[in-house]
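Here is how the chains run, residue by residue.
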Amino acid sequence: MTRGALVAWLRSLDTDELGEVLRRRPDVLAPPAPADLTQLAARLSARSGLAEVVAKLPLPALQVIEAMAAFPEGPVPLADLAERLGSAPDDAGLDATLRVLTQRALAWPDGDNLWAPSYLLLDAAARQAPDEPFEPVPPAPPLAPADRTAVRAAAADAAAELLDKIAALLDEAAARPLAQQRNGGVAARELARLGVEPLHAELVLAAGLLGPDRLRLRPTTAYDDWHSLPPADQLARLLGAWWSGPALRQVVVRALHDLPPDTAVPDPAALAPLVRWTAPLPARQAADLPEAVDAVVAAATLLGVCALGAISPLGRALADNRPVADVAAKLLPEPPPDALRVRGVSSVVLSDDPELLDDVVAALRLHRLAPTVAGSPQSTMDTLAALRAAGYRPVRDGVAVTVRRARPTPERSRSTVDAGELAQRLLVPSRRNATPLEQIRQKAPQLRPEQARLLADAIEHGTPVWIRYVDAAGRSSDRVIEHPELAGSVVEAWCRLRRDDRAFTLDKIVAVARP
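To keep things clear, this report deals only with the structure shown in the data block. (Residues numbered from 1 in each chain as written. Predicted model: local features only at pLDDT ≥ 70, side-chain atom pairs only at ≥ 80, totals over all residues. Heavy atoms only, no water.)

1. Thoughts on the overall build of the protein
- Helix and strand content of the protein: 24 helices and 20 strands.
- Considering only C-alpha atoms, the protein reaches an extent of 85 × 60 × 50 Å along its principal axes.
- Each of the 515 residues in the protein was classed as buried or not, and the buried ones make up 43%.
- For the protein, restricting intrachain contacts to residue pairs at least 6 apart in sequence, the fraction spanning at least 24 positions comes to 62%.
- Working note: accessible area of the protein is about 26900 Å², and carbon and sulfur atoms make up 52% of it.
- Counting 58 positive and 65 negative side-chain charges, the protein places the averaged centre of each group 8 Å from the other. (Helix = DSSP H or I, 4+ residues; strand = E, 2+ residues; numbered from the N terminus. Buried < 20%, exposed > 50% of the residue type's maximum accessible area, 1.4 Å probe, protein only. Contact = heavy atoms within 4.5 Å. Areas by Shrake-Rupley, 256 points an atom, 1.4 Å probe, with all protein chains shown as cover. Lys, Arg positive; Asp, Glu negative; His and termini not counted. Charge placed at Lys NZ, Arg CZ, Asp CG, Glu CD.)

See the structure below:
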């Protein structure tokens, strides 16, 4: 890849267009923010950031990248790319797909040609892409009407049953620790004895509620905290553990989320083509995708994330990254008013100021027992530490903690980068940003002027260059490096000798030449 082409394209964008690229590539906004377009181009084409972005691409965007990888290194004529895809250069589907890629700087135009980051194409060429037609339009699975009220009720029943089964499983494990498999899971005979599903065992292990104690499994200290939480918070923790599992789970739930409102999929396996189109890389990891999708929907139904073939309010909260506990609190049934309830309390927090206690209860998720009393599932020492960390002035009194108002602490400034502001700054030339040549002259004075210019040219355009490098032990070696990037006093590049990424300190590069 010629990085100069990427820099030139970035420079041609207006502030709004560059801001859109930055918003879709948050991986390049890590502090310190790029100081100029050359540094931004280096980040946009870095292998580490590309992998995460590509994993979320839809099928047609991935097909374009894999088609470009089949051409020789360098710009790819748009007409040739369209022909390889069985499309036309002016096809609306291809144009929409190219917009998806350019909005993420995964491809960019140069006249009638297209460029893409070299590492992106190298990784695409290494994959065994299936031979399939270009598919710019997502498939539509067969749908049926869904009764919103029935879906909500079924999800609530499933969630309540899940909490009952998890509590019974953990109570049994506390009374009689469970045998474990060699891989650390709960033994199958234990699951059969308790009448629970493997998914239930997976959840308590993933949530850290069950853990090994020598050769058996018993509840962890985290279980005590979980057990004292309201049901909605208990459920949120379990669903969070499931959601953070294999990537296919999120893909399937989000595919259901994006279906038309009040619709259901009668046959979950029929959702597989849409899942494959939405996120092809995770989908390719499944040996039998329809079976894998069916299994995800079945598990999601047990959890209340789906119900009756449709996504539930809990599933929508997960897909939208909204607090699941807030949705669960409205979904789960309230206990009867005359029911006897038992709640474990390890320490209590006292205050003569009810408003202050309101703040403490909200900050530490305590249980209000009386206007001036709140219960904590944590020990007195842990509650004291949590209160101090939150900025309060607690005083210990046996198992009770008296809390007082603390002096206000100034809010810490957030180190976030605004994509729009950064775009505007990058597109305005600044004399404060030294060019690669100026930096090399300053940090590698041992190089002759023509060598410094040659190295700077390789960094600006991403071309291979030969260097002689002396390591910390004084050993000299000759290297040909590719796609060099300047990061402070270090040149990061692909080393042909080591066949891997390497970092070379500028003051230890003693000679530079064309390869």
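Once the structure has been displayed, the description carries forward.
2. Some words on the sheet that holds strand β16 (residues 465-470)
- Pairing is antiparallel across the open sheet formed by five strands, whose spatial order is β19-β18-β17-β16-β20. Here the strands that pair on one side only, and so sit at the sheet edges, are β19 (500-505) and β20 (509-513). When the angles between neighbouring strand axes are averaged without regard to direction, this sheet yields 45°.
- In the sheet, strand β18 (residues 490-495) pairs with β19 via six bridges, with the strands oriented antiparallel. Bridge pairing in β19 links A493 to R502. (Pairing = 2+ DSSP bridges. Axes fitted to C-alpha atoms, helices over the stretch in contact; angles between N-to-C directions.)

3. Some details on the environment of A206
- Its place among the elements puts A206 in helix α11 (residues 198-206).
- Judged by relative accessible area, A206 falls into the exposed class, the value being 52%.
- For the pair A206 and G245, spaced 39 residues apart in sequence, the C-alpha to C-alpha distance is 8.5 Å.

4. Comments concerning the nonpolar core
- Of all hydrophobic cores here, the largest spans 69 residues; its most connected members are L235, L238, W242, V275, V305 and L314.
- Dropping the residues within four chain positions of it, L238 is found in contact with L162, L163, I166, L203, A207, L209 and W226.
- Among the nonpolar cores identified, the runner-up in size contains 28 residues, and V76, L85, A107 and A116 belong to it. (Core = buried A, V, L, I, M, F, W, Y, C linked by side-chain atoms within 4.5 Å.)

5. Some remarks on the packing of helix α9 (residues 148-175) against helix α17 (residues 289-303)
- The interhelical angle for the contact between α9 and α17, taken along N-to-C directions, is 80°, at an axis separation of 6 Å. The angle between α9 and α17 falls in the class roughly perpendicular. Between α9, through A158, A159 and L162, and α17, the contact on the second element is made entirely by T301, L302 and L303.
- Within the contact of α9 with α17, the residues separate by chemical class into five nonpolar, one polar and no charged. (Parallel < 35°, antiparallel > 145°, perpendicular 65-115°, else oblique. Nonpolar A, V, L, I, M, F, W, Y, C, P; charged D, E, K, R; others polar.)

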